[in-house]
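# Fold and geometry: a report
Each chain, written out:
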Amino acid sequence: MALYIGVMSGTSLDGLDIALIEQTSAIRLIATHYLPMPESLRAELLGLCASGPDEIARSAIAQQHWVALAAQGIHTLLGQQRLSPEDIRAIGSHGQTIRHEPARGFTVQIGNPALLTELTGITVVSDFRSRDVAAGGQGAPLVPAFHEALFEERNGNRAVLNVGGFSNLSLIEPNAPVAGFDCGPGNVLMDAWIHRQRGENYDRNGEWAASGSIDPTLLEALLSDPFFATQGPKSTGREVFNLPWLEGHLSRLPQVAPEDVQATLLELTAHTIVQSLQAAQTETRELLVCGGGAHNATLMKRLAERLPDATVASTATHGVDPDWVEAMAFAWLAHCCLEGITANRPSVTGARGLRVLGAIYPN
């Protein structure tokens, strides 16, 4: 038996997810802890997603604050479980993505793993994406291999959908390597729009979107982005889909009511997920949803309506809380790195071959 901790901070920037898993022949979630992101740190990390003044120094300082928050959460979790740092084999730390441009040969996650090791007294494995990018891959998504390990299917075609800031699919089929790719925006545009219009960080249950109507002209304009015409392997990020991108489209159209924009953004998320799934996997029997989008009742209803022949359900129906799948994945990726197990999937990222992912910072 070995215990690992996974730390995940996604593109939504709402907080840090910390998961403790037991790794034997199976993967078992033992405990979790969540830390909300301080607004000042969230604003600075968002600012670092685009070029700006003194960004090298700002990045170095921001990651010190990020690590201090992560270390605080890890010590809290250990205390709650009556564990010591010596009981944990490693921390798998994703860090915070501030740039992701695999077409230009780089992806950047900040999170100062050396400092995290120093503050926790635990070996840290981080920088999981770079090796895949160096091998010609997208460096993302990385979770399909974990989804395959967790939700292996022998009786039909299953897909696992993660809806965080962006949405990505893992396609699990009997006797076939797992496939997967980013579909496009998940919550990122909906979160940005409701924050701009109403000062709220997210649309609870998709209620504001449900109060509006889809604007077909706006939807068509959004879907014209070249990303949606590409086939996997593919990944994306805030460099492509952001509030200025949305506002650029809105500026070229007659005025659209704010709630109708939100409804259209939710339809954009649902449409691109379903379109991607139907193009890549025929006869999907089951779509399991994790990430924050699993709690958006309006989005879940729309996915079910558009996929009448599949069961659409949260990963909770298989005993895995949808909020903790990604943090668990990075704990598992730390295990793979220390054991020399390849954890990328060329069928997902387009890398030249299987690679062991991660850089190790020993305690």
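Residues numbered from 1 in each chain as written. Predicted model: local features only at pLDDT ≥ 70, side-chain atom pairs only at ≥ 80, totals over all residues. Heavy atoms only, no water.

### Here's the deal with the overall build of the protein chain
Regarding its fold elements, the protein chain presents 13 helices and 13 strands. A compact globule built from 363 residues would reach a C-alpha radius of gyration of about 21 Å, and the protein chain, at 20 Å, matches this within 12%. Along the three orthogonal principal directions, the C-alpha set of the protein chain runs to about 60 × 50 × 40 Å. A fraction of 68% describes how many contacts in the protein chain between residues 6 or more apart in sequence connect residues 24 or more apart. Looking at the protein chain as shown, the accessible area adds up to about 14900 Å², and 49% of this sits on carbon and sulfur atoms. (Helix = DSSP H or I, 4+ residues; strand = E, 2+ residues; numbered from the N terminus. Rg over C-alpha atoms; globule rule 2.2 N^0.38 Å. Contact = heavy atoms within 4.5 Å. Areas by Shrake-Rupley, 256 points an atom, 1.4 Å probe, with all protein chains shown as cover.)

### What about the sheet that holds strand β11 (residues 284–290)?
If you trace the 5 strands from one edge of the open sheet to the other, you get β10-β9-β8-β11-β12, paired in mixed fashion. The open sheet has two edge strands, β10 (179–185) and β12 (311–314), and neither has a second partner. Each adjacent strand pair in this sheet contributes to an overall mean axis angle of 20 degrees, direction not counted. Bridging between β11 and β12 involves 4 bridges; their strand directions are parallel. Bridging from a neighbouring strand, Leu287 pairs with Val312 of β12. Here helix α11 (residues 297–306) sits on the sheet in contact with β8 (157–163), β11 and β12, set at roughly 160 degrees to β12. (Pairing = 2+ DSSP bridges. Axes fitted to C-alpha atoms, helices over the stretch in contact; angles between N-to-C directions.)

### Concerning the pairing of strand β1 (residues 2–8)
Where burial is concerned, most of β1 is hidden: 7 out of the 7 residues are buried. Here β1 shows no split at all, with Ala2, Tyr4, Gly6 and Met8 on one side and Leu3, Ile5 and Val7 on the other all buried. Alignment of β1 against strand β2 (residues 15–23), held across 7 bridges, turns out to be antiparallel. Looking at the pairing, Ala2 lines up with Gln23 of β2. For β1 and strand β4 (residues 90–93), the ladder comprises 4 bridges, and the chain directions are parallel. (Buried < 20%, exposed > 50% of the residue type's maximum accessible area, 1.4 Å probe, protein only.)

### Observations concerning the environment of His100
On the secondary structure map, His100 appears in strand β5 (residues 96–101). Sequence separation of His100 and Asp309 is 209 residues, and the distance between their C-alpha atoms is 35 Å. Those residues in contact with His100 that lie beyond four places of it in its chain are Phe106, Thr107, Gln138, Gly139, Ala140, Ser235, Thr236 and Glu239. A polar atom in the side chain of His100 sits 3.4 Å from the backbone oxygen of Gln138. (Polar contact = N/O pair within 3.5 Å; in protein donor to acceptor, adjacent residues only side chain to side chain.)

### A short note on the packing of aromatic side chains
Here the structure, examined in full by the defined rule, presents 6 aromatic pairs. Centroid distance Phe227 to Phe228: 5.8 Å. Interplanar angle 75 degrees. Geometry classified as edge-to-face. Summarising the burial analysis for this pair, Phe227 and Phe228 share the class buried. Centre to centre, the rings of Phe241 and Trp245 are 4.9 Å apart; their planes meet at 85 degrees, and the pair counts as edge-to-face. Pair check on accessibility: Phe241 and Trp245 agree, each one buried. Among the aromatic side chains, those forming a connected cluster through ring pairs are Phe227, Phe228, Phe241 and Trp245. In this structure, Lys234 packs its charged tip against the face of Phe227, placed 4.5 Å from the ring centre. (Phe/Tyr/Trp six-rings, centres within 6.5 Å; stacked < 30°, edge-to-face > 60°. Lys NZ or Arg CZ within 6 Å of the ring centre and 35° of its normal.)

### Some points on the UniProt feature "binding site: ATP" (unreviewed entry) in the protein chain
The UniProt feature table records "binding site: ATP" (unreviewed entry) at Gly10, Thr11, Ser12, Leu13, Asp14, Gly15, Leu16 and Asp17. Considering the arrangement of structural elements, one finds Ser12 in the loop between β1 and β2. Residues within four places of Ser12 in sequence aside, it is in contact with Arg42, Gly165, Asp191 and Arg238. Relative to the helices and strands, Leu13 resides in the loop between β1 and β2. Classification of Leu13 by relative accessible area gives buried; the value is 1%. Dropping the residues within four chain positions of it, Leu13 is found in contact with Met37, Arg42, Leu45, Leu46, Gln96 and Arg238. (UniProt positions renumbered as here; feature names shortened; annotations may be inferred.)

### Brief notes about the pattern of salt bridges
Overall, the coordinates contain 13 salt bridges when judged by the stated rule. The salt bridge involving Glu247 is made with Arg196; its shortest N-O contact spans 2.3 Å. Separated by 51 residues along the polypeptide, Glu247 in helix α9 (residues 243–251) and Arg196 in helix α6 (residues 188–198) bring together distant segments of the chain. One network of salt bridges, in which partners are shared, links Glu267, Arg302, Glu305 and Arg306. (Salt bridge = Lys/Arg side-chain N within 4 Å of Asp/Glu carboxyl O.)

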